[in-house]
Amino acid sequence: MRLLLAEDERRVRAFIARGLSEEGFQVRESSDGLEARALLETDKFDLLLLDWMLPALSGLDLLRSMRAQKDVTPVIMLTARDAVPDRTSALNAGADDYVVKPFAFDELLARIRAVLRRASGRASGILSHADLSLDPVTRKVQRAGCEIRLTAREFALLQYLLEHAGEVVSRARIIEAVWEHDYETFSNVVEVYIRYLRAKLDEPFPRKLIHTVRGVGYSLRSGD
């Protein structure tokens, strides 16, 4: 799941981004409202964490602009403003939830997942191919009815392969999408995690889904 975090307090932003990344989310960061608006116009996100008091363009004004343009991206407001009129203003402007600072990370994580579940109920985000399925919200992976436990990085890699099922994706594309340039392109990290996925998803089953296209990359498909 891809999240946009718009927060001008650097330490708060770093803390939230690190925690969400450890939970398997892909997080883009922004420190002001205009930058956040530009990212929303050029990219697609599953959820926006939006600080109220952003410089350049306030979070509330950005939210109102989004809803006026029929942007239905789920939004959770983050703010120290806890008065009832403030909460009412945010919810009436189209916020899906409202979290008051300071907050516990576990609470924020629970609220994010609750909002994503509601959004998923409006439009199912379950990815599937052959007898393999992945639910990005509940983080449940199944093959042939058997639940398979994956680490956060394995989950992100499988999600990317499912989103591009039938295509051949290169190592460079995988690194950019799943690791976001954290690893040098000459690293064998992709090969290592493909091996991990095969051990859990392919080896216990007669039909293999993850294929190597020599000299090009990898493909998730049903045929040889």
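We now turn to the structure provided with this report.

**Quick look at the packing of aromatic side chains**
The full count for this structure, using the stated rule, is three aromatic pairs. With 6.5 Å between their ring centres and 80° between their planes, tryptophan 52 and tyrosine 98 make a pair best called edge-to-face. Here tryptophan 52, found in the loop between strand S3 (47-51) and helix H3 (59-68), pairs with tyrosine 98, found in strand S5 (residues 97-100); they are 46 residues apart in sequence, far enough to count as distant. Stacked on the ring of phenylalanine 155, the Lys or Arg arginine 139 has its end atom at 4.0 Å from the ring centre.

**Quick word on the side chain of threonine 73**
Its place among the elements puts threonine 73 in the loop between H3 and strand S4 (75-79). Looking at threonine 73, the relative accessible area reads 12%, which means it is buried.

**Some remarks on the sheet that holds S5**
The five strands lie next to each other as S2-S1-S3-S4-S5, forming an open sheet whose pairing is parallel. Looking at the sheet topology across the chains shown, the edges are occupied by strand S2 (26-30) and S5. Each neighbouring strand pair of the sheet contributes to a mean axis angle of 20°, computed without reference to strand direction. In this fold helix H2 (residues 33-42) packs onto strand S1 (2-6), S2 and S3, with an angle of close to 140° to the strand it touches most, S2.

**A word on the pattern of salt bridges**
Tallied over the entire structure, the rule returns 17 salt bridges. The shortest N-O distance in the salt bridge between lysine 101 and glutamate 7 comes to 2.8 Å. Of the two residues, lysine 101 is situated in the loop between S5 and helix H5 (105-122) and glutamate 7 in the loop between S1 and helix H1 (10-22); the sequence distance between them amounts to 94 residues. The residues lysine 101 and glutamate 7 share a single accessibility class, namely buried. Where arginine 67 meets aspartate 96, a salt bridge forms, and the shortest distance between an N and an O atom there is 3.2 Å. Residue arginine 67 is located in helix H3, and its partner aspartate 96 is located in the loop between helix H4 (84-93) and S5; the two are separated by 29 residues in the primary sequence. If you follow the salt bridges from partner to partner, you end up with Glu7, Glu9, Asp51 and Lys101 in one network.

Rules of the game
Residues numbered from 1 in each chain as written. Predicted model: local features only at pLDDT ≥ 70, side-chain atom pairs only at ≥ 80, totals over all residues. Heavy atoms only, no water. Phe/Tyr/Trp six-rings, centres within 6.5 Å; stacked < 30°, edge-to-face > 60°. Helix = DSSP H or I, 4+ residues; strand = E, 2+ residues; numbered from the N terminus. Lys NZ or Arg CZ within 6 Å of the ring centre and 35° of its normal. Buried < 20%, exposed > 50% of the residue type's maximum accessible area, 1.4 Å probe, protein only. Pairing = 2+ DSSP bridges. Axes fitted to C-alpha atoms, helices over the stretch in contact; angles between N-to-C directions. Contact = heavy atoms within 4.5 Å. Salt bridge = Lys/Arg side-chain N within 4 Å of Asp/Glu carboxyl O.

Purely spatial values, then, with no claim about function.
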